[in-house]
2 protein chains.
Amino acid sequence: MMNTPLTLAAMIERAEKYFSKKEVISRTHGGMHRLDYGKVGRRTRALSSALETLGVKKGDRVGTFAWNHHRHLEAYFAIPSMGAVLHTINIRLSAEHLIYIINHAEDKILLIDPDLLPIIEKIKDKIPAVQAFIVMSDDDIPPQSHLKPLYSYEKLIKDGDETYEFASDLEENDPAGMCYTSATTGKPKGVVYSHRGIVLHSMALSMADTAAVSESDVAMPVVPMFHVNAWGMPFAATWLGTTQVLPGPTMTPKILAELIETYKVTITAGVPTIWLGLLNELEKGNYDTSSLRAVLCGGAAAPKGIIQAFESKFGIPFVHAYGMTETTPLVTLSRLKSYQQDLSDEEKLEIRSKQGLVVPGLEIKVVNENGEVKRDGKEMGELLIRGPWIANEYYKDDRTKEAFRDGWLHTGDVVTIDDEGAIHIVDRTKDLIKSGGEWISSVELENALMAHEAVFEAAVVSVPHPKWQERPVACVVLKEGKSATKEEIMDFLKPQFVGWWLPDDVIFLDEIPKTSVGKFLKLKLREQVREHVAKTTQ
Amino acid sequence: MMNTPLTLAAMIERAEKYFSKKEVISRTHGGMHRLDYGKVGRRTRALSSALETLGVKKGDRVGTFAWNHHRHLEAYFAIPSMGAVLHTINIRLSAEHLIYIINHAEDKILLIDPDLLPIIEKIKDKIPAVQAFIVMSDDDIPPQSHLKPLYSYEKLIKDGDETYEFASDLEENDPAGMCYTSATTGKPKGVVYSHRGIVLHSMALSMADTAAVSESDVAMPVVPMFHVNAWGMPFAATWLGTTQVLPGPTMTPKILAELIETYKVTITAGVPTIWLGLLNELEKGNYDTSSLRAVLCGGAAAPKGIIQAFESKFGIPFVHAYGMTETTPLVTLSRLKSYQQDLSDEEKLEIRSKQGLVVPGLEIKVVNENGEVKRDGKEMGELLIRGPWIANEYYKDDRTKEAFRDGWLHTGDVVTIDDEGAIHIVDRTKDLIKSGGEWISSVELENALMAHEAVFEAAVVSVPHPKWQERPVACVVLKEGKSATKEEIMDFLKPQFVGWWLPDDVIFLDEIPKTSVGKFLKLKLREQVREHVAKTTQ
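One structure accompanies this document, and this report is about it. (Residues numbered from 1 in each chain as written. Chains lettered and ligands numbered in written order. Predicted model: local features only at pLDDT ≥ 70, side-chain atom pairs only at ≥ 80, totals over all residues. Heavy atoms only, no water.)

**As for the overall build of chain A**
Point 1. Looking only at helices and strands, chain A has 17 helices and 27 strands in total.
Point 2. Once the C-alpha set of chain A is aligned to its principal axes, its extents read approximately 70 × 55 × 50 Å.
Point 3. Looking at chain A as a whole, 63% of its 538 residues are labelled buried.
Point 4. Sequence separation of 24 or more characterises 68% of the internal contacts of chain A that already satisfy a separation of 6 or more.
Point 5. Surface accessibility of chain A: about 20,400 Å² in total, with carbon and sulfur atoms responsible for 49%. (Helix = DSSP H or I, 4+ residues; strand = E, 2+ residues; numbered from the N terminus. Buried < 20%, exposed > 50% of the residue type's maximum accessible area, 1.4 Å probe, protein only. Contact = heavy atoms within 4.5 Å. Areas by Shrake-Rupley, 256 points an atom, 1.4 Å probe, with all protein chains shown as cover.)

Listed below in structure tokens is the structure:
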């Protein structure tokens, strides 16, 4: 067979050649933009040529610091297709972490959204290796700024060569992108994505049995483009000529609901907190969401209640998936097997609220101290993953040896696997609660709590206990205008769990602290709760 | 990213792990068999172990000479997963060609269907390198035969190790399979398929925008498993846990119709002549074919009439595709783009009767003596293809340099490409008719002829002409019980073509000579017609 490499350049070229009439709909600070793939292709080539003129060479890292919009999409293809490495930087990181990762990645150039310039201005003296800044605004004159030299993205495109030929020497194992994990402890860890990994992941996303991304879709990635390539959706969608809706800066649930209605979005992807917000908005407003065929949910376990609410109240199919920064990210996805279609609604919901089967192309293994766990849906073990879109190291980082061992990624996620092969995330190894020598899953308790009609969000953490080592405590955020007492909450949980699983206390909070990508920040919450418990038991 | 290789072993392992309850339904001489993937996996491992015991080593070729059934499917995975090469041999080849390819491939062992033993017995003295024969019958005692040593497949499975571990040293570029082209001139040419090529092709087949093969399908490959891996469907279907219906020996249209009805087949694949036969059968009988979501048609251009008949008469969606032995085989597939959905039925049929867009992962180019042709659906040129599941050579064959040049496969197929990027096969370079310096497409005329209600099949070939160099002559097979005169046929064509395209004569035949895989044998027909013309003009 020919040794034709799998590259991102071939993906954007396919959009240019066969889908030049299909559109990317993009929301920026300046308003809505519509560009067809013919234009996106020419602008992408012009950006590559401009970066080359600015001195970017094969293997150089170019950072982006931006929301989800067409310019970010162009950078997604322009940077890797000239042989450089697209480093998407999480805009919600602390200054300390930003400085760390920009220096660690040795970004040569940064592309920055106009509203995010002040964040970079504040740290500019700490990132001396960056040679140029590009502002991704609608204007072709850059604003006043301390950042020097500062170029206008639109001016660079205007002056660039829109017939630029992408690198002809791309190898499929060349680095195409990188992303740092949003660490809750220690420094962020860098993951490098290869061209091969991203192309194979795009194929996987497009298979009928996974997300089935198609030309006929209108895809709206809500998950940020600065976070694991927006789960790879912009890559797959461009390749297939799928209409894309990129929702831009500061997207509120209202904006999302309006975009879905206006542009007849068929598939969207994001974390559970986003969907909780959208659910609230849909309950308030009167939106037509009938175009939606799939809401992909990952990044954290989706409580059954959300799945049920989306489907029964709004008829919106909800698809639970699992992945992480280290896995490009799609690893598992929950769909019913054909012979499960006739089960009761409750049984089906039970299956679909799991994280599901590993997608074709990857392999998983669930192990604990006794070896591989039984496929009984009960025995817990750590999830191990391997395959061609799984990282094999952290970029220049000693922590590689903790996570990557014997050819497998050790995820730190504790799961069960049932007789059908579906995994169910029980917890992070570090968030499990060890009570009297037995494990209690904080996630199981959280899911049960969030099914209570007055509960908006809930998190369960451990507190030290003299007799049982650790005991669970529930932190609950109530829905606006709803109320519930500790006793009501406990009565709601009692029939669902054995006695020793029940939380020792229920604490009502205004919000659950979260990471920059919307996951519960358990470490911080644990400190808060332990302080609270210490105070109340004094 | 991890350098995990893409291998067939991982595909069958996925079926074993996650779809052990799903079934392969297989028709053999002995009747119907139902095996779940758990059993298929164990039998596949037992076959690998038996072949190892018989001396098969990494890289050795093992030939199969068989219909579509579960034993052939087991061989599809057992042979490559132990590191050997699955050589599927076309059972319809002449003795001369069989001897040539078995010797050229240096097959070490042959797996043979019981009814096909006599064919191999006749040539046994000419294939001295074959060390053992295995008969794929339901019995576990081999029949009396001149072939020595002759083993029973079922006995080997019984004695084999069903926990056999597949080769751990498989590289993705290792050869997995091979198939010889059914040559109309000269010796057959061998094509070697790599593990990587087959896995990527399986992903491509499973994408929502191509054949969308899914776990929920019931897939029946009618295209023989001895011909380009039955278009790769058994590989993709096993990987995804799709129910498979393997229709076995001597499948008549009646048998196919019954299998579709009984097992609720959702997707099937074959050449136009098969579908013409099925169409006749459906018109006669009273079958429930409502389960069918796609009839894939390739191997030769499908006349518009077939597409229309399947869809309007029986509501069966018909999907036109294109590929060849050298391309694993899927290259293009005809689907409407989203913005073409609102066109008139006639316009849609026009689009869908083309061969369509190149599938994600491959690239095509259409060239003639002036370079790349215009995308106007008119200018003709040769189709060139490249990509990771396209062969880069013929196996140990000097003819490699004719077809594989400058990194592209030169297909010998003449096509047009329209402004949407869809290709339309006009002819084989060697079947085009050159009249007065202009090209006439035999295929276009054939499609028009086959749309006539009395015409069952039609082929158009060139005859030499003193003034115009070549002129077209039509050969027509009428439907049973239908009649038409030469004048009626000509009157039917006249409004559809410019005058000089019209055939000089219409000859009525009982059948059109065909190749072993059901394509028109133009070379032979041309001789017949030229003799006929010579006689009638004497």
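**Things to note about the packing of aromatic side chains**
Point 1. On inspection of all chains with the given rule, the structure shows 16 aromatic pairs over all chains.
Point 2. By way of ring pairs, the aromatic residues Y76, F77 and F235 of chain A are connected into one cluster.
Point 3. Positioned above the aromatic ring of F19 of chain A is the side chain of K337 of chain B, whose terminal nitrogen or guanidinium carbon lies 5.1 Å from the ring centre. (Phe/Tyr/Trp six-rings, centres within 6.5 Å; stacked < 30°, edge-to-face > 60°. Lys NZ or Arg CZ within 6 Å of the ring centre and 35° of its normal.)

**Examining the state of the cysteines**
All names here are of chain A.
Point 1. Taken as a whole and judged by the stated rule, the model has 0 disulfides over all chains.
Point 2. This cysteine, C179, is not joined by any disulfide, and C297 carries the nearest cysteine sulfur, 18 Å off.
Point 3. A residue is classified by how much of its surface remains accessible, and C179, at 1% relative accessible area, is buried. (Disulfide = S-S within 2.5 Å.)

**Some details on the interface of chain B and chain A**
Point 1. Opposite the 58 residues of chain B that make contact, chain A presents 58 residues.
Point 2. In this assembly, chain B packs against chain A so that about 4,600 Å² is buried in total across both faces, 59% of it on carbon and sulfur atoms.
Point 3. When the buried area of chain B at its contact with chain A is split by residue, M1, M2 and Y18 of chain B rank highest and sum to 21% of it.
Point 4. Between chain B and chain A we count 4 salt bridges in total. (Buried area = accessible area lost by both parts, 1.4 Å probe. Salt bridge = Lys/Arg side-chain N within 4 Å of Asp/Glu carboxyl O.)

**Thoughts on the pairing of strand β3 (residues 61-65) of chain B**
Residue and element names in this part refer to chain B.
Point 1. Of all 5 residues making up β3, 5 are buried, and the element is well covered by its neighbours.
Point 2. Residues R61, G63 and F65 of β3 are buried on one face, and the alternating residues V62 and T64, pointing to the opposite face, are buried as well.
Point 3. Alignment of β3 against strand β4 (residues 85-88), held across 4 bridges, turns out to be parallel. What sits directly across from V62, in β4, is L86.
Point 4. Crossover connection from β3 via helix α3 (residues 70-81) to parallel β4: handedness right-handed.
Point 5. As paired elements, β3 and strand β5 (residues 107-112) share 5 bridges and run parallel to each other. Paired with F65 across the bridge in β5 is I112. (Pairing = 2+ DSSP bridges. Right-handed = clockwise from strand over helix to strand, strands pointing away.)

**So, the relation of the copies chain B and chain A**
Point 1. For the match of chain B to chain A, the screw axis carries a shift of 0.0 Å, the RMSD comes to 0.1 Å, and the turn is 180°. As the rotation angle and translation indicate, the two copies are arranged about a two-fold axis. Ranked by how close their C-alpha atoms come to the rotation axis, the residues of chain B are headed by M207 of chain B, at 2.0 Å. (Least-squares fit on C-alpha atoms with pLDDT ≥ 70 in both.)

**A closer look at the sheet that holds strand β3 (residues 61-65) of chain A**
Residue and element names in this part refer to chain A.
Point 1. Strand order in the open sheet formed by 7 strands is β7-β6-β5-β3-β4-β8-β9, and the pairing between neighbours is mixed. Strands with a single pairing partner mark the edges of an open sheet, and in this sheet they are β7 (150-152) and β9 (190-194). Along the sheet, successive strands turn relative to each other by an average axial angle of 25°, direction set aside. (Axes fitted to C-alpha atoms, helices over the stretch in contact; angles between N-to-C directions.)

**Looking at the pattern of salt bridges**
Point 1. Going through the model one piece at a time under the given rule, you end up with 76 salt bridges over all chains.
Point 2. With a closest N to O distance of 2.8 Å, K108 of chain B and D60 of chain B form a salt bridge. Of this pair, K108 of chain B sits in strand β5 while D60 of chain B sits in the loop between α2 (37-53) and β3, and the two are 48 residues apart along the sequence.
Point 3. With a relative accessible area of 16%, D60 of chain B lands in the buried category.
Point 4. Overlapping salt bridges, with partners in common, bring together R43, R71, E74, D138 and E154 of chain A in one network.

**With respect to the nonpolar core**
Point 1. Core analysis: the largest hydrophobic core is formed by 198 residues, its most contacted members being L111 of chain A together with L111 of chain B.
Point 2. Within the second largest apolar cluster, 31 residues are counted, among which are I440, V461, M490 and F520 of chain B. (Core = buried A, V, L, I, M, F, W, Y, C linked by side-chain atoms within 4.5 Å.)

**Quick look at the sheet that holds strand β6 (residues 132-135) of chain B**
Residues and elements named next belong to chain B.
Point 1. Across the sheet, which stays open at both edges, the 7 strands sit in the order β7-β6-β5-β3-β4-β8-β9 with mixed pairing between neighbours. One side of each edge strand has no neighbouring strand; the edge strands of this open sheet are β7 (150-152) and β9 (190-194). Geometrically, the sheet is characterised by an average inter-axis angle of 25° between neighbouring strands, direction not taken into account.
Point 2. This element, α3, spans β3, β4, β5 and β8 (175-180) of the sheet and lies at about 145° to β4.

**Description of the environment of F133 of chain B**
All names here are of chain B.
Point 1. Summarising the element assignment, F133 is placed in strand β6.
Point 2. Residue F133 is classed as buried on the basis of its relative accessible area, which comes to 4%.
Point 3. Spatially, the C-alpha atom of F133 lies 6.2 Å from that of Y151, the residues being 18 residues apart in sequence.

**Quick look at unusual backbone geometry**
Point 1. In this structure, P329 of chain A follows T328 of chain A across a cis peptide bond, with omega equal to 5°.
Point 2. On the secondary structure map, P329 of chain A appears in the loop between β14 (318-323) and β15 (330-333).
Point 3. Residue K396 of chain A is not a glycine yet carries a positive backbone phi of 45°.
Point 4. As for its position among the elements, K396 of chain A is in the loop between β19 (381-386) and α14 (400-403).
Point 5. Although it is not a glycine, W231 of chain B sits at a positive phi angle of roughly 60°.
Point 6. Within the secondary structure layout, W231 of chain B lies in helix α8 (residues 228-231).

**Remarks on the packing of helix α11 (residues 272-284) of chain B against helix α12 (residues 304-314) of chain B**
Residues and elements named next belong to chain B.
Point 1. Following both chains from N to C, one finds α11 and α12 inclined at 30°, their axes separated by 10 Å at the closest point. Judged by the twist between their axes, the crossing of α11 over α12 is left-handed. Contacts between α11 and α12 pair P272, W275, L276, L278, L279, L282 and E283 from the former with I306, A309, F310, K313 and F314 from the latter.
Point 2. A breakdown of the residues in the contact of α11 with α12 according to their chemical character gives 10 nonpolar, no polar and 2 charged. (Left-handed = near helix turned anticlockwise from the far one by under 90°. Nonpolar A, V, L, I, M, F, W, Y, C, P; charged D, E, K, R; others polar.)

**With respect to α3 of chain B**
Residues and elements named next belong to chain B.
Point 1. When the terminal C-alpha atoms of α3 are compared, their 17 Å separation across 12 residues agrees well with the 16 Å that a helix rising 1.5 Å per residue should span.
Point 2. Extensive coverage of α3 is indicated by the burial of 12 of its 12 residues.
Point 3. H70, R71, H72, L73, E74, A75, Y76, F77, A78, I79, P80 and S81 are the residues of α3 that are buried.
Point 4. Following α3 by one or two positions, G83 adopts a phi angle in the positive range, close to 95°. (Expected span 1.5 Å × (residues − 1).)

**Quick word on the pairing of strand β1 (residues 23-28) of chain A**
All names here are of chain A.
Point 1. For β1, the tally of buried residues reaches 5 of 6 residues, placing the bulk of the element in the interior.
Point 2. With 6 bridges joining them, β1 and strand β2 (residues 31-36) adopt antiparallel strand pairing. If you follow S26 over to β2, its bridge partner there is H33.
Point 3. Relative to strand β11 (residues 243-246), β1 runs parallel, the two being bridged by 3 bridges. Bridging across to β11, V24 finds its partner in Q244.

**Some thoughts on the side chain of Q340 of chain B**
Residue and element names in this part refer to chain B.
Point 1. Tracing the sequence through the fold places Q340 in the loop between β15 (330-333) and α13 (345-352).
Point 2. A distance of 2.7 Å separates the side chain of Q340 from the backbone nitrogen of K337, its partner in a polar contact.
Point 3. With residues up to four places along the chain from it excluded, the contact list for Q340 reads R335, K348, I351 and E420. (Polar contact = N/O pair within 3.5 Å; in protein donor to acceptor, adjacent residues only side chain to side chain.)

**Brief notes about the environment of Q528 of chain B**
Residues and elements named next belong to chain B.
Point 1. In this structure, Q528 sits in helix α17 (residues 522-536).
Point 2. Through-space distance from the C-alpha of Q528 to that of P513 is 9.8 Å; in sequence the pair is 15 residues apart.
Point 3. Apart from the residues within four sequence positions on either side, Q528 is in contact with L509 and P513.

**Here's the deal with helix α7 (residues 195-206) of chain A**
Residue and element names in this part refer to chain A.
Point 1. Taking 1.5 Å of rise per residue, 12 residues should cover 16 Å, and α7 covers 17 Å from first to last C-alpha, within 8% of that figure.
Point 2. The buried fraction of α7 amounts to 12 of the 12 residues, a majority that puts the element mostly inside the structure.
Point 3. Listed in full, the buried residues belonging to α7 are H195, R196, G197, I198, V199, L200, H201, S202, M203, A204, L205 and S206.

**Focus: the packing of helix α12 (residues 304-314) of chain A against helix α13 (residues 345-352) of chain A**
Residues and elements named next belong to chain A.
Point 1. It is the contact of α12 with α13, at a shortest axis distance of 10 Å, that shows an interaxial angle of 125°. With respect to their mutual orientation, α12 and α13 come out oblique. In this structure, α12 crosses over α13, and the sense of that crossing is right-handed. Between α12, through K304, I307, Q308 and E311, and α13, the contact on the second element is made entirely by L349, E350 and R352.
Point 2. Split by residue class, the contact of α12 with α13 holds 2 nonpolar, 1 polar and 4 charged. (Parallel < 35°, antiparallel > 145°, perpendicular 65-115°, else oblique.)

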